[in-house]
Amino acid sequence: MAKVILRNVSKQYGRDATAVQDFNLEIQDKEFVVLVGPSGCGKSTTLRMVAGLESISSGELVIGDKVVNEVQPKHRDIAMVFQNYALYPHMTVYENMAFGLKLRKVPKGEIKDRVDNAASILGITELLDRKPKALSGGQRQRVALGRAIVREPKVFLFDEPLSNLDAKLRAQMRTEIAKLHSRLRTTMIYVTHDQIEAMTLGERIVVMKDGIIQQVDTPLNLYRRPENKFVAGFIGTPAMNLFPGTLVRDGGLKFEADELSLNLPEQLTHGLAGHAGKQVFFGIRPDDVKEVGAGPDSTSQCTIELTVQSVEPMGSETILHGTVGSVALVARVGADLNVQVGACCNLNLDLSKAHFFDGESEKSLFS
């Protein structure tokens, strides 16, 4: 078990290509941390630097109580689970799981005990004599996990391990990995571009963009209190509605954008008064756009008319895509709301849940 600390870690390829810049993060012993962001944001490069598969251009990496910048991967006491499983096709499941231990000259009896224990944890005991070609994608991923578990490392690293699985298997394996962490209580660092994976697995989430950390927080805080416009738009499905516009004094305070004009409730005006006359981004999550009468009456609610352009029935709810004048908006409403494409419907915006971001820096005006 070990703490992992990255201090001002950067990775450069040549003079002009910076993959990771001034990455600072302290991962506690036994913590499950997820790195998430769009493709090319530097999350896998960061993980590979922790693993020792990429050199660190500058900064310091500490695992446990030891600086490991120059330590070879095999001596870092980490185990990595890859996207493509990386199983040896000519070996059985047992041999794949045991291979790393044999290289380290672990006694045969101990190897058998470790492999049998890991296979039992993952429910693959009956597969130990099969070869990878005889396994499904989910079974191969369990074998890859088992190979990591038998190593009994200080730190587990996961590089998009579920991206090759179908949706049902991904959901199943997310649950398995969460159970695994609860059972093993080992430090885990997990990389994904899928924010649903990040939100369901991580105790803390690191959101990255262009090699730079945007926010480190719990899943709930990322959702409720994004620190900038990028995090607000990246976290949440469907994504937050975001509109560029202006704060205008008109008796109280208004947000105006094209054909969207909103009178802001008093509880918001205190924090926003200093930004009157400035360009801002107004954000509201689809969850906070509801059919009239669906929520409690509130002075913070504002009624708009949505022209529906598409309807996505989801079973327990319905996602509406439409426009308010020329402004596009997405709403998450109840499954019983019967509305057709082309029709107009009245919806309430819960402005007490609204977000505002500076028009230039794109940082939250409430943080």
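Check the entry above for the structure.
How each quantity is defined
- Residues numbered from 1 in each chain as written.
- Predicted model: local features only at pLDDT ≥ 70, side-chain atom pairs only at ≥ 80, totals over all residues.
- Heavy atoms only, no water.
- Phe/Tyr/Trp six-rings, centres within 6.5 Å; stacked < 30°, edge-to-face > 60°.
- Helix = DSSP H or I, 4+ residues; strand = E, 2+ residues; numbered from the N terminus.
- Buried < 20%, exposed > 50% of the residue type's maximum accessible area, 1.4 Å probe, protein only.
- Lys NZ or Arg CZ within 6 Å of the ring centre and 35° of its normal.
- 1 Å grid on protein atoms, 1.4 Å probe; cavity = no way out; pocket = protein on both sides within 12 Å on 5 of 7 lines; lining within 4 Å.
- Points joined across faces, edges and corners; volume = space filled by probe spheres on them.
- Nonpolar A, V, L, I, M, F, W, Y, C, P; charged D, E, K, R; others polar.
- Salt bridge = Lys/Arg side-chain N within 4 Å of Asp/Glu carboxyl O.

Undergrad: What exactly am I supposed to notice about the packing of aromatic side chains here?
TA: For any pair of aromatic rings, the description consists of the separation of the ring centres together with the inter-plane angle of the planes. Tallied over the entire structure, the rule returns 10 aromatic pairs. Between the aromatic rings of Phe 243 and Phe 282, the centroid separation amounts to 5.8 Å while the plane-to-plane angle is 20°, which identifies the pairing as stacked. A residue pair is termed long-range when its members are at least 10 positions apart, and Phe 243 in strand E11 (residues 241-250) and Phe 282 in strand E14 (residues 279-284) qualify at 39 residues. Given the relative accessible area of 4%, Phe 243 is considered buried. Every member of this aromatic cluster is reached through a ring pair, and the members are Phe 243, Phe 255, Phe 282, Phe 356 and Phe 366. Across from the ring centre of Phe 281, 4.7 Å away, lies the NZ or CZ of Lys 229, which sits over that ring.

Undergrad: What exactly am I supposed to notice about the layout of surface pockets here?
TA: Taking a probe equal in size to a water molecule and rolling it over the atoms shows the remaining empty space. Roughly 590 Å³ of internal volume is contained in the largest pocket. Forming the walls of the largest pocket are 21 residues, and the residues nearest its centre are Ile 78, Ala 79, Met 80, Gly 100 and Arg 151. Elements supplying a minimum of two residues to the lining of the largest pocket: strand E6 (78-81), helix H2 (93-103) and helix H4 (137-150). For the lining of the largest pocket, the element with the most residues is H2, which contributes five residues. The residue inventory of the lining of the largest pocket, partitioned by class, reads 16 nonpolar, one polar and four charged.

Undergrad: Explanation requested: the pattern of salt bridges in the structure shown.
TA: A side chain with one charge can pair with a side chain of the opposite charge if their charged atoms come near. Per the stated rule, a full pass over the model turns up 14 salt bridges. Here Glu 60 and Arg 7 are joined by a salt bridge, their closest N and O atoms 2.5 Å apart. Within this pair, whereas Glu 60 is found in strand E4 (residues 58-63), its partner Arg 7 is found in strand E1 (residues 4-13), the two being separated by 53 residues in sequence. We classify Arg 7 as partly exposed; its relative accessible area is 38%. Lys 353 is paired through a salt bridge with Asp 350; the nearest N and O atoms lie 3.9 Å apart.

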